[in-house]
Each structure stands twice: as C-alpha cells, then as structure tokens.
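Spelled out from the first residue to the last, the chains are:
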Amino acid sequence: MHSKKHINWGILGCGKIAHKFSEDLKFVPNAKLYAVASRNLKKAQNFANAHNANCFYGNYKELVANPDIDVIYIATPHVFHYEHTLLCLHHKKAVLCEKPFAMNLSQVEEMITTAKKNNVFLMEALWTYFLPHYQYVLDIVTSKELGSIKKLKADFGFTTTFDPKSRIFNKKLGGGSLLDVGIYPLFAALSTIGYPEDIKASATIGKTGVDENCTIQLHYKNGVTASLFSTITKKTDTQAILEFENGSILINSRFHEPSSVTITKNGTSELIEFDVTTNGYNFEAIHVQEMLLDNRIESNIMSFEKSLQLINLLDAVREKIGLHYT
Ligand SMILES: NC(=O)c1ccc[n+]([C@@H]2O[C@H](COP(=O)([O-])OP(=O)(O)OC[C@H]3O[C@@H](n4cnc5c(N)ncnc54)[C@H](OP(=O)(O)O)[C@@H]3O)[C@@H](O)[C@H]2O)c1
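These numbers were taken from a predicted model, which means no experiment stands behind them.

> Even after reading the chapter, I still don't get the overall build of the protein, so can you show me in this structure?
A count of helices and strands for the protein gives nine helices and 14 strands. In terms of its C-alpha atoms, the protein occupies a principal-axis envelope of roughly 55 × 45 × 35 Å. Across the 326 residues that make up the protein, the buried fraction comes to 56%. Considering the protein, the positive charge centre built from 34 side chains and the negative charge centre built from 33 side chains are found 5 Å apart.

> Sorry if this is basic, but what is going on with the domain arrangement of the protein here?
How large an interface is tends to be reported as the accessible area lost when its parts come together. Partitioning the protein into domains gives domain 1 (7-127) and domain 2 (132-275). Using only C-alpha atoms to locate each centre, domain 1 and domain 2 end up separated by 27 Å. Facing ten residues of domain 1, the contacting portion of domain 2 comprises twelve residues. Of the roughly 1,000 Å² buried at the junction of domain 1 and domain 2 (both faces included), carbon and sulfur atoms supply 72%. For domain 1, the biggest contributors to the area lost against domain 2 are His78, Leu126 and Trp127; these three give 50% of the whole. Counting the contacts that link domain 1 with domain 2 gives one salt bridge. Where Asp180 meets Lys99, a salt bridge forms, and the shortest distance between an N and an O atom there is 3.7 Å. At the boundary of domain 1 with domain 2, the tally comes to two residue pairs in polar contact (both at pLDDT 80 or more). Per-class residue counts for the side of domain 1 that touches domain 2 are seven nonpolar, one polar and two charged.

Thresholds, definitions, all that
- Residues numbered from 1 in each chain as written.
- Predicted model: local features only at pLDDT ≥ 70, side-chain atom pairs only at ≥ 80, totals over all residues.
- Heavy atoms only, no water.
- Helix = DSSP H or I, 4+ residues; strand = E, 2+ residues; numbered from the N terminus.
- Buried < 20%, exposed > 50% of the residue type's maximum accessible area, 1.4 Å probe, protein only.
- Lys, Arg positive; Asp, Glu negative; His and termini not counted.
- Charge placed at Lys NZ, Arg CZ, Asp CG, Glu CD.
- Domains from an automatic or database assignment.
- Contact = heavy atoms within 4.5 Å.
- Buried area = accessible area lost by both parts, 1.4 Å probe.
- Salt bridge = Lys/Arg side-chain N within 4 Å of Asp/Glu carboxyl O.
- Polar contact = N/O pair within 3.5 Å; in protein donor to acceptor, adjacent residues only side chain to side chain.
- Nonpolar A, V, L, I, M, F, W, Y, C, P; charged D, E, K, R; others polar.

Here is the structure:
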C-alpha cells in the first residue's frame with residue numbers, strides 16, 4: 001500500500017496537544033505534517049504556519065477528503081473521538097486518536113469494527129507505552145528480573161484554573177480527572193500487572209458534575225494490588241512505584257511522560273536516565289509509521305485488545321463512582 005518513503009500526516013483539531021505533537025513530528029524520520037484542520041480557518045492557517053504544514057482547512061470534512069493524507073491524528077476533546085475517528089475511517093484514513101479512545105466500550109467497539117471493515121489502521125494514542133523509560137520498565141516486568149510484582153501505587157494530579165466551560169471541568173466535553181489523567185495510572189496497572197479480578201473506586205464529584213478526584217483500588221490473584229489516584233484540583237507526585245518480590249522500581253515524576261527510573265535491589269538504588277530531547281510524542285508517531293509501512297490495521301503494541309481492556313476498566317470505575325456521560 002505504502003511504497004513511497006514518507007508519510008503525510010493530517011491533524012484534526014488545533015488545540016494544545018496538537019501543537020505539542022506537531023513539534024515532535026519534526027523529529028520523526030520520513031514524517032511530513034501535510035494538512036491541519038480546525039473549526040476556524042484562521043486558527044488552522046496560524047497552526048499551519050507555525051508548523052510548516054502544506055494545507056489548512058476551516059472544517060474537518062475537507063481534511064478527511066484530501067487524497068494525499070496517509071494518517072490523521074485526532075486531537076479533539078474526548079467526547080468527539082468516536083465521531084471524528086469514524087469520519088476518518090469512512091474516508092479510509094488511518095487514525096491515531098488521542099486518549100481516552102472514546103467515552104465508553106460500545107463506541108470503542110464500533111471504532112474497531114469500522115477499522116477492520118474498511119481495512120484501515122487505528123490506534124489509541126497511549127504515548128507512554130512507547131517511551132524509552134516505560135519500555136525499560138516493561139522489560140524488567142516481563143523478564144521477571146526482580147521477581148513478580150506484588151504492588152503498584154500510581155497517581156496523577158494537576159491543578160488548573162477552574163473554568164466550568166473548559167474540557168477539564170465541562171461534563172459535556174467529557175470533563176473529570178478519570179478520563180483525562182486517571183487513565184494513566186490505570187494504564188500503568190494494565191500494562192504491568194494486567195486486568196484485575198476486582199475493582200473498588202470512590203470519587204469526589206464537583207459542582208460541574210465531573211469527578212475532581214478519583215481513588216481506585218485494583219485487586220489481583222495472590223494478593224497483588226494497585227492503588228491509583230487522580231485529581232484535577234491539586235498537583236501530586238505523579239509517579240509510579242512498583243514493588244516486586246526482590247526489589248522495586250520508582251518511575252519518577254511525571255511517570256507518564258519522558259522520565260527516569262530508580263531501581264532498588266538488595267538495598268542499593270540506581271537512577272537510570274534516558275536521553276529524550278522531545279516532548280515524547282515522536283515515539284508513538286514512529287510506531288504508527290512502522291505499522292502503516294507494514295500494511296497493518298492494528299498496532300502490535302497498543303493493540304485493539306489493550307484499548308478494549310482500558311475502556312472496560314474506565315467504564316467499570318465510572319459505574320462504581322456513578323459518573324455517567326450522556
Ligand atoms: N497524550 C497527551 O499527553 C495528552 C495531553 C493533553 C491532552 N490529551 C488529549 O487530547 C485531547 C485534546 O486535549 P487538548 O488539551 O489539546 O484540548 P484543547 O486544547 O481544548 O483542544 C481541543 C481542540 O479540539 C477542537 N474542538 C472541536 N470541537 C470542540 C468543542 N466543541 N469544544 C472545544 N474544542 C473542540 C478544537 O480545535 P479547533 O478549534 O481547531 O477545531 C480544540 O482546540 C483530549 O482528549 C485529551 O485527553 C492528550
């Protein structure tokens with residue numbers, strides 16, 4: 001399918017994360033930011049100028065109709081991921097869609113079914129998975145170098161000005177801590193320990209009707225546990241601590257982005273650093289390109305199964321804390 005050397009990227013939605021992703025695309029070999037689309041033409045033009053894109057559009061439909069685009073990065077608020085992914089897939093455009101993949105399991109299932117039906121690549125942009133320090137940790141987990149995992153503790157908390165209209169607090173835009181940042185501690189548990197046997201969760205629901213804090217306890221076989229926390233009202237350590245039979249790993253703050261790890265074994269600690277000079281979004285983009293050049297419709301790392309498990313967990317937690325989006 002892709003015999004040409006470079007991959008033409010499109011960006012759908014010119015918000016904050018789209019800017020960061022575009023900065024990193026410049027460090028992806030054979031990647032070209034080809035076109036960008038915003039609901040506002042001037043905004044798209046400014047974005048295209050800032051990141052040297054060939055074309056810009058004042059609506060999303062023209063972007064997906066451009067025959068020269070290979071893959072589209074969807075960077076809109078959570079509630080639009082389903083609609084925008086389907087729009088791209090129906091136009092046979094490969095998709096890298098921001099996290100959370102969608103608002104619930106049935107949406108994710110339909111997105112995956114549509115990708116398969118149209119034979120088009122689709123992946124959730126769980127960028128942490130592709131970062132060097134995180135891959136390093138996963139290697140230690142898989143090799144059982146420190147024995148089996150006994151316990152995980154992970155948190156993600158940040159604070160921002162309270163704005164009921166912002167996507168962070170606005171329920172209509174999928175606001176709340178769980179879907180925005182709680183997904184990372186959940187992903188840490190899923191990727192290192194797996195899917196739990198039991199889930200307990202509690203949350204503080206704020207005045208806009210979204211979870212401002214969310215506490216999750218996952219239980220696995222043999223007494224293995226994961227204690228997770230997210231908040232949008234205070235800055236927290238945002239680190240992950242994995243305790244094994246024969247040592248521990250601290251994924252230093254902030255664990256979900258390019259970071260370092262501290263390995264403790266036999267009473268001795270070693271700090272391991274990774275030389276990442278970008279925001280870290282280039283690693284997932286490189287992977288997407290590899291998948292496209294290999295004519296795959298599914299990532300062999302952030303697979304459909306992983307996204308299904310993740311949205312299942314998010315749905316289960318939301319059920320426990322009584323958080324329903326319409
Ligand atoms: N991977 C990461 O590290 C990371 C970090 C932050 C966010 N994210 C994810 O990326 C997504 C976007 O987050 P963001 O922080 O970039 O948000 P943002 O700054 O608010 O940008 C979202 C963009 O979506 C478009 N949009 C379309 N319909 C909209 C509507 N009704 N209201 C508001 N915006 C609308 C807008 O682009 P136009 O005006 O150009 O159409 C807007 O600029 C979220 O799902 C979030 O979870 C991921």
